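Secondary and tertiary structure notes
What follows is each chain in one-letter form.
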Amino acid sequence: MKLTVEIWRQAGPNHDGAFETVEVPDAEEQMSILELLDHINSGIVARGEEPYAFASDCREGICGTCGLMVNGRPHGPDQHAPACQQRLTSFSDGDHIKLEPLRSAAYPVIKDMVVDRSALDRVMQQGGYVSINAGTAPDADTLHQNSEQAELALDHAACIGCGACVAACPNGAAHLFTGAKLTHLSLMPLGKEERGKRARQMVDELETNFGHCSLYGECADVCPAGIPLTAVSSVTRERARAAFRGKDD
Ligand code: FES
């Protein structure tokens, strides 16, 4: 398959970037978007030139490290798949593909298609964890957790933290990401212990770095983990609950 690929080249955060055009005469349908970049880079390295920088780790759709815009859409055209799982089967011989970094004011470009997503980490540092001493693991049947709530918690725990939701949002909001974490932890027996403090701190941090949510819904549409749009309501609900209950909850 012959493809024309436009790729963002930017030397660093304080440099201007621009698209470069690369003709790929021998792309294969089963390649992922990242393998297409690997293929292009191997030719560049063989010529002794600088390869394109992009982020990846597991390449199994688990870690959330990969993230780039493919023809203006975070990750690519397929729903519920991160860039490492997007195959070229969605493209045809002769197509143009445009690859660029995830675009958001909260994500400064580090190099080429690598962006700094530490603003999401800072939200997590404010309470996206359980810090109580839980002792040793109890017998499973001593924990009172109904299966419906456990399933709902698992659905929201599926968020891989890639940050595509922020790049898709016209406001640059991270409510889907934060709402997924708040929902997941508030439904778990141990997570309930710090529920109010978590909501106050995480939402304060969210509002420091990201835009407001206007319920456009693009976030849920591009989410590779299929986090439902209802997760964004957790941000308001958990924050209001924390304010109502006071500092001790
Ligand atoms: S590289 Fe881990 S999810 Fe894509």
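Keep in mind that this is a model prediction, so the values were computed, not measured.

Let us now look at the overall build of the protein. Check the secondary structure of the protein and you find eight helices and seven strands. Taking all 249 residues of the protein together, 45% fall into the buried category. Of the contacts formed within the protein by residues at least 6 apart in sequence, a portion of 70% connects residues at least 24 apart. Total accessible area on the protein stands at roughly 12400 Å², and carbon and sulfur atoms take up 50% of it. Charge-centre separation for the protein: the mean point of 22 positive side chains lies 8 Å from the mean point of 35 negative side chains.

Looking now at the nonpolar core. Y107, L120, V166, L176, F210 and I227 are the most contacted members of the largest nonpolar core, which totals 30 residues. Elements with a contribution of two residues or more to this core: α2 (118-125), α4 (164-168), α5 (175-187), α6 (195-209) and α8 (232-245). There are two domains that each give this core at least three residues, and those are domain 1 (3-111) and domain 2 (118-132 + 142-245).

Turning to a nonpolar patch on the surface, a few remarks are in order. There is a patch of nonpolar side chains on the surface, built from V130, I132 and L190 and spanning about 210 Å² of accessible area. Looking at where L190 falls in the secondary structure, it is placed in the loop between α5 and α6.

Inspection of the entire model under this criterion finds one aromatic pair. When the ring of W8 is compared with that of F19, the centres are 5.0 Å apart and the planes differ by 80°; the resulting orientation is edge-to-face. Of the two residues, W8 sits in strand β1 (residues 3-9) while F19 sits in strand β2 (residues 18-24), which places them eleven residues apart along the sequence. Here W8 falls in the buried class, since its relative accessible area comes to 12%. A residue is classified by how much of its surface remains accessible, and F19, at 28% relative accessible area, is partly exposed. Over the ring of Y52 we find R9; its NZ or CZ atom is 4.0 Å from the centre of that ring. Here the basic side chain of R103 rests over the ring of W8, its NZ or CZ set 4.3 Å away from the ring centre.

This part is about the domain arrangement of the protein. What the domain assignment reports for the protein is domain 1 (3-111) and domain 2 (118-132 + 142-245). Taken over C-alpha atoms, the centre of domain 1 sits 28 Å from the centre of domain 2. Contact with domain 1, which involves 18 residues of that partner, is made by 19 residues of domain 2. Carbon and sulfur atoms supply 57% of the area that domain 1 and domain 2 bury against each other, a total of about 1300 Å² over both sides. Among the residues of domain 1 in contact with domain 2, P74, H80 and Y107 are the three that bury the most area, contributing 35% of the side total. Summed over the shared surface of domain 1 and domain 2, the number is one salt bridge.

A word on the sheet that holds strand β5 (residues 96-100). Read from one edge to the other, the open sheet built from five strands follows the order β2-β1-β5-β3-β4, with strand pairing classed as mixed. Looking at strand neighbours, the two that pair on one side only are β2 and β4 (73-74), the edges of this open sheet. Taken together, the four bridges between β1 and β5 define a ladder with parallel strand orientation. Bridge pairing in β5 places T4 opposite H96.

With that out of the way, let us pick up the side chain of H75. Position of H75 among the secondary structure elements: in the loop between β4 and β5. Judged by relative accessible area, H75 falls into the buried class, the value being 1%. Only 3.0 Å separates the side chain of H75 from the backbone nitrogen of A83, close enough to count as a polar contact. Apart from the residues within four sequence positions on either side, H75 is in contact with C66, G67, L68, V70, A81, P82, A83, Q86, C162, A164, V222 and P224.

Looking now at the packing of α5 against α6. It is at 11 Å that the axes of α5 and α6 come closest, and there the two elements cross at 175°. With respect to α6, the element α5 is oriented roughly antiparallel. Across the interface between the two elements, H175, T178, K181, L182, L185 and S186 from α5 touch R195, R198, A199, M202, V203 and L206 from α6. Of the residues contributing to the contact of α5 with α6, the split by class is six nonpolar, three polar and three charged.

In terms of burial, β1 is largely enclosed, as six of its seven residues are buried. Sheet analysis places β1 next to β2, joined by seven bridges and oriented antiparallel. The partner of W8 across the bridge, within β2, is F19.

Cut-offs and rules
Residues numbered from 1 in each chain as written. Predicted model: local features only at pLDDT ≥ 70, side-chain atom pairs only at ≥ 80, totals over all residues. Heavy atoms only, no water. Helix = DSSP H or I, 4+ residues; strand = E, 2+ residues; numbered from the N terminus. Buried < 20%, exposed > 50% of the residue type's maximum accessible area, 1.4 Å probe, protein only. Contact = heavy atoms within 4.5 Å. Areas by Shrake-Rupley, 256 points an atom, 1.4 Å probe, with all protein chains shown as cover. Lys, Arg positive; Asp, Glu negative; His and termini not counted. Charge placed at Lys NZ, Arg CZ, Asp CG, Glu CD. Core = buried A, V, L, I, M, F, W, Y, C linked by side-chain atoms within 4.5 Å. Domains from an automatic or database assignment. Patch = residues over 30% accessible without salt bridge, like charges linked within 9 Å, V, L, I, M, F, W, Y side chains within 5 Å. Salt bridge = Lys/Arg side-chain N within 4 Å of Asp/Glu carboxyl O. Phe/Tyr/Trp six-rings, centres within 6.5 Å; stacked < 30°, edge-to-face > 60°. Lys NZ or Arg CZ within 6 Å of the ring centre and 35° of its normal. Buried area = accessible area lost by both parts, 1.4 Å probe. Pairing = 2+ DSSP bridges. Polar contact = N/O pair within 3.5 Å; in protein donor to acceptor, adjacent residues only side chain to side chain. Axes fitted to C-alpha atoms, helices over the stretch in contact; angles between N-to-C directions. Parallel < 35°, antiparallel > 145°, perpendicular 65-115°, else oblique. Nonpolar A, V, L, I, M, F, W, Y, C, P; charged D, E, K, R; others polar.

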